[in-house]
Amino acid sequence: MTSLSSSPSTRSGRDVGADDWIAAQDADSLARLVTSMPGLVVLLDASGEILAETESWAFAFGSEADLDEMPEDLSGRSKSDADAKDLAVSSSFFARHDTDGSWKEVVETCVEEGRESRGYEVPLRMPDGAVYYVNFSARPWQGDPDGGTSERGVMLHFVDRSDAHQATLMRRQVEDRFDILIDTISEGVLLMDEKGVFRDCNSAAEKILGRNASDIIGSRFTDEKWSGLKQDGTPLPNAEFPFWQAVVEREAIHDEVMGLYPPGGPPRWIRVNAQPIFEEGATEPYGVLTCFDDITDEQLKDEALQTSRDLLSSVLSSSLDGIMVFSAIRDDDGDIEDFECLLVNPQAEKMVNRSSEDLVGTRMLDEMPAHEENGLFDAYVDVVTTGEPFETELHYTTDTFERWLQIVAVRIEEGFAVTFRDISERKRAAQAMAATNAKLEQRNRALRDFAYIASHDLQEPLRKIGAFSNLVLEDYGDQVDETGKHYLERMQDAARRMSQLISDLLVYSRVTTRARPFKPVDLRTVVDNILTDLEMQIQDVDGTVDVGELPTIDADSTQIRQLLQNLIGNALKFHRPDEPPVVKIRAEIVDASEEDLPAHDLDTSAFCRIVVSDNGIGFDQKYADRIFTPFKRLHGRSEYSGTGMGLAICRRIVERHGGDIRVVSTPGEGTTFTVQLPVDRHDGNVPNEPSVQDHATTPTTLDE
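Attention in this report is confined to the structure presented alongside it. The shown structure was predicted, so the numbers you read here are calculated from the model rather than taken from an experiment. (Residues numbered from 1 in each chain as written. Predicted model: local features only at pLDDT ≥ 70, side-chain atom pairs only at ≥ 80, totals over all residues. Heavy atoms only, no water.)

### Looking at the packing of helix H21 (residues 557–573) against helix H22 (residues 646–656)
Their axes nearest at 9 Å, the elements H21 and H22 cross at an angle of 145°. Of the two possible hands of crossing, H21 and H22 adopt the one that is left-handed. Judged by residue contacts, Gln559, Gln562, Leu563, Asn566, Leu567 and Asn570 of H21 engage Gly646, Leu647, Ile649, Cys650, Ile653, Val654 and Arg656 from H22. Taken together, the residues that form the contact of H21 with H22 break down as 7 nonpolar, 5 polar and 1 charged. (Axes fitted to C-alpha atoms, helices over the stretch in contact; angles between N-to-C directions. Helix = DSSP H or I, 4+ residues; strand = E, 2+ residues; numbered from the N terminus. Left-handed = near helix turned anticlockwise from the far one by under 90°. Contact = heavy atoms within 4.5 Å. Nonpolar A, V, L, I, M, F, W, Y, C, P; charged D, E, K, R; others polar.)

Given below as structure tokens:
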């Protein structure tokens, strides 16, 4: 058996450590060792019986061996009544301290596995119900089988952590109460340590900052995600954040306003109060407690108000209209007896040739007595009394002022604001325009008179030329040779062409002078009537007219008929000699926003696109603009009849309707005319499906 004073030695040819040395001692040696040890140490056998204890243990938790002084045992019986078995049980470590069996499990595991076991802040219960919290280490021991003993057990070494445990509990309770407190207030709360790392926050802080607690706690205020703004909107360096300034200056910060950017959003504005926290007697804070409330709405309102003020000031300064604000002055009966000037903008100063310093604070009737004579004063009284705006145009004349003014007055609380614009130039222009319009009306009258003359007086001589030439041929035809007859026929032809030319000119001029109001026009009905009129011409050329679905549009029915008749008639007339003409008429409704439409300011949202195409002789595309010019012809009269006015009339009709007409042609292949006209003009509202007559789309031929 090894002496207690011996150091760990070598056994079985290997170095034996302190744990191995303890494990290899018998119970008596270890008991003597334990009683001489400092600290809280108890020696147990495998069944949990206490073999030895230190004085510190006996002093702290009571001697396990002093059974006479023990209080009632666990069964509630006194020691005088306890039998030997009860006393033996009372000396068991498990019976005194192991109500839930955890210590027994530790001892059994340590003995069976032969290895040390440790625990931290484990409850150690006393017979009187008191509970201590200890850190422990359990080291197994076993007697030397070679010495004739096989005893086994555990040496328990304790460190009393009851005070620390209690402090931890108290700290947790305080923290829990603190967490409950800060979570019940609407202000955001941040706890930051002296290194600038956020250690805690409440739910209000999460909501205001737009970040989860996991994104806040553990981050440092200098991290890139913490981006701030000064109250004037300029960037705020992180080192100037109020809660860090409280740490640096070691003083509380009150009512500092700053902006912080939440993830992916506009800045949130907060009003910050930061209080540094000190340990007792310390001069350096170990942290800072920051409380802040969300003033984003308030800040935005202030910004909006300031913006409005700046905008109002800018408007007043840059306005081309004179602006003045007046407040009502009432007598003892509450009636308005005058107005006091409150504001004058720079343009008003220029227009009245007075500075705002001279006018603000003065009374209207003192400075502008003419207002009472011209009725403006009474009008302003009505504005304040009734709240109804007032507007007029007035020729205002004083000793130093003579202008036409457009005046608008609106009530503002117990007063009104008046704007006045110098419209003298406009008035002069209107007078000049009125004079010009009078001259134009005279000219239009002259043109109408000319049209009357052309339609009656000029046509009459032509009719007489035709009539008398017929009489010559009828009565004296046998006396006139062939040359004379030829001359008479040419004279008749010239008279007919002259008559047709005059008629076409009348039609051209009357497109606007005798226009009819726009009404719904069924294009299919119009085309059907045209085909009826052209039936003989279609039959003569063996032509075909293929008509698709056509909608109803707002138009002048007479002019639309003339437009389509000219286009269809031309398609039939200019056909190739060796091939019968085929004319196709199609239409579609297109949105007014399409780029391929004519520029317009009409109150319509859709256009009707009408396409008239043929397989005729065509022409070179370079003449596309020329054919719409009056009297311009691409072919001689001997080839094709006409005056050259038909397409000019078409373009004039289309332009009068607010549309356009275009042509694409290829010599020897045919021509396509595209006409685009507004569908309607009623408040810009166009039905989703414009009215289309239920006609068959099969070609219209002579057989029909």
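Read on, since the account is not over.
### Description of the packing of aromatic side chains
Evaluated as defined, the whole model comprises 17 aromatic pairs. When the ring of Phe93 is compared with that of Phe158, the centres are 6.4 Å apart and the planes differ by 25°; the resulting orientation is stacked. Of the two residues, Phe93 sits in helix H5 (residues 93–97) while Phe158 sits in strand E7 (residues 152–160), which places them 65 residues apart along the sequence. According to the relative accessible area criterion, Phe93 is buried, its value standing at 0%. An angle of 25° between the planes, with centres 4.4 Å apart, marks the rings of Tyr380 and Phe416 as stacked. Remark: Phe416 occurs in strand E19 (residues 415–422) and Tyr380 occurs in helix H16 (residues 376–386); sequence separation between them is 36 residues. (Phe/Tyr/Trp six-rings, centres within 6.5 Å; stacked < 30°, edge-to-face > 60°. Buried < 20%, exposed > 50% of the residue type's maximum accessible area, 1.4 Å probe, protein only.)

### Quick notes on the environment of Glu340
Along the chain, Glu340 turns up in strand E16 (residues 336–344). Along the sequence, Glu340 and Met364 sit 24 residues apart, while their C-alpha atoms lie 6.2 Å from each other. For Glu340, the residues in contact, after removing those within four places along its chain, are Val325, Phe326, Ser327, Ile329, Gly361 and Thr362.

### Here we look at the sheet that holds strand E12 (residues 253–260)
One key point about sheets: their strands pair by backbone hydrogen bonds, in either a parallel or an antiparallel sense. The antiparallel open sheet is built from 7 strands, whose spatial order is E9-E8-E14-E13-E12-E10-E11. Edge positions in the open sheet fall to strand E9 (198–201) and strand E11 (235–236), since each of these has one partner strand only. With 6 bridges joining them, strand E8 (residues 188–193) and strand E14 (residues 287–294) adopt antiparallel strand pairing. Pairing of Val189 across the sheet is with Cys291, part of E14. (Pairing = 2+ DSSP bridges.)

### So, the sheet that holds strand E5 (residues 117–125)
Read from one edge of the open sheet, 5 strands run E4-E3-E7-E6-E5, paired in antiparallel fashion. The sheet is open, and its two borders are formed by strand E4 (50–53) and E5, each paired with just one other strand. Each strand of the sheet is rotated relative to its neighbour by a mean of 30°, with strand direction disregarded. The pairing of strand E3 (residues 40–45) with E7 spans 6 bridges and is classified as antiparallel. Within E7, the residue paired with Leu40 across the bridge is Phe158.

### Some thoughts on the pairing of E16
With 7 bridges connecting them, strand E15 (residues 322–330) and E16 associate as antiparallel partners. Each bridged residue has a counterpart across the sheet, and for Ile329 the counterpart in E16 is Asp338. Where E15 folds back onto E16 in an antiparallel hairpin, the turn is made up of 5 residues, including Gly334, whose phi is positive at roughly 90°.

Interpretation in functional terms is not warranted from these geometric data alone.
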